[in-house]
Amino acid sequence: MSLENQYDSDNIFAKIIRGELPSVKVLETEKILAFMDVFPQSKGHCLIIHKTSEAVNFLDVEPQALSELMEATQKVARAVNDSLKPDGIRILQFSGARAGQTVFHLHFHVLPVYEGVVVAAHASGKPADAESLEPIAADIRAALS
Ligand code: AMP
């Protein structure tokens, strides 16, 4: 079951899981990795992925992996809320290129929203550097522990 794309084990997030590409991590377990979005649409924008499921999108994820992903997504959203005190949080998942999906390894976005601050465009612009993301990730990590 898929909206066109097949799983490619060389996708960006698979490389991040294997440590072949860098990421600024907020949570890592045997099954789950959460890290900062490198094109943050707002301060604290995180992504949550499963480390062993090869689901491309929401349609083809196994129920057990989905449950682990949702539990972690809620945990990260709570930590974002506690540490960054946004005015709202969007939980997003895009399935299929036509819906806006750009990385074909299932992931959930935790996107904090702040009163009076425009949410930036999706997956575009100049990437943030690790030095600017790390202090935000450290605050989120502290709220997770
Ligand atoms: P989507 O468009 O829903 O598939 O989301 C993919 C997300 O991954 C976008 O929000 C991108 O900004 C983000 N992204 C792309 N490359 C990286 C990367 N190397 N590290 C962290 N986030 C990334």
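The model shown is predicted, which means the values in this text are computed figures rather than measured ones.

Visitor: Looking at this structure, how should I read the overall build of the chain?
Guide: When its secondary structure is counted, the chain shows three helices and five strands. Listing each helix as α and each strand as β along the chain from the N terminus yields α-β-β-β-α-β-β-α. Against the compact-globule benchmark of 15 Å for 145 residues, the chain has a radius of gyration of 14 Å, which places it among compact chains. Each principal axis of the C-alpha distribution contributes one length, and for the chain these read about 40 × 30 × 25 Å. Out of the 145 residues in the chain, the part that is buried amounts to 39%. A sequence separation of at least 24 residues applies to 61% of the contacts in the chain between residues at least 6 apart. Treating the 13 positive side-chain charges of the chain as one cloud and the 19 negative ones as another, the clouds have centres 3 Å apart.

Visitor: What am I meant to see in the pairing of strand β1 (residues 25-28) here?
Guide: Successive residues of a regular strand alternate their side chains across the two faces of the sheet. Bridge count between β1 and strand β2 (residues 32-36): three bridges; the pairing is antiparallel. Note on β2: the bridge partner recorded for lysine 25 is phenylalanine 35. Count of turn residues in the β1/β2 antiparallel hairpin: three residues.

Visitor: I tried to follow a nonpolar patch on the surface on my own but got confused; where do I start?
Guide: Together, Leu3, Phe58 and Leu59 make up an exposed nonpolar region whose accessible area comes to about 260 Å². As for its placement among the helices and strands, leucine 59 is situated in the loop between β3 (46-50) and α2 (63-84).

Visitor: So what exactly am I meant to see when it comes to the pairing of β3 here?
Guide: Burial runs high along β3: five of the five residues are buried. Going residue by residue along β3, you find Cys46, Ile48 and His50 tucked away on one face and Leu47 and Ile49 tucked away on the opposite face as well. Two elements, β2 and β3, share five bridges in a ladder whose sense is antiparallel. Residue pairing across strands places leucine 33 opposite isoleucine 49, the latter belonging to β3. Two elements, β3 and strand β5 (residues 107-113), share four bridges in a ladder whose sense is antiparallel. Note on β5: the bridge partner recorded for cysteine 46 is valine 110.

About the thresholds
- Residues numbered from 1 in each chain as written.
- Predicted model: local features only at pLDDT ≥ 70, side-chain atom pairs only at ≥ 80, totals over all residues.
- Heavy atoms only, no water.
- Helix = DSSP H or I, 4+ residues; strand = E, 2+ residues; numbered from the N terminus.
- Rg over C-alpha atoms; globule rule 2.2 N^0.38 Å.
- Buried < 20%, exposed > 50% of the residue type's maximum accessible area, 1.4 Å probe, protein only.
- Contact = heavy atoms within 4.5 Å.
- Lys, Arg positive; Asp, Glu negative; His and termini not counted.
- Charge placed at Lys NZ, Arg CZ, Asp CG, Glu CD.
- Pairing = 2+ DSSP bridges.
- Patch = residues over 30% accessible without salt bridge, like charges linked within 9 Å, V, L, I, M, F, W, Y side chains within 5 Å.
- Areas by Shrake-Rupley, 256 points an atom, 1.4 Å probe, with all protein chains shown as cover.
- Salt bridge = Lys/Arg side-chain N within 4 Å of Asp/Glu carboxyl O.

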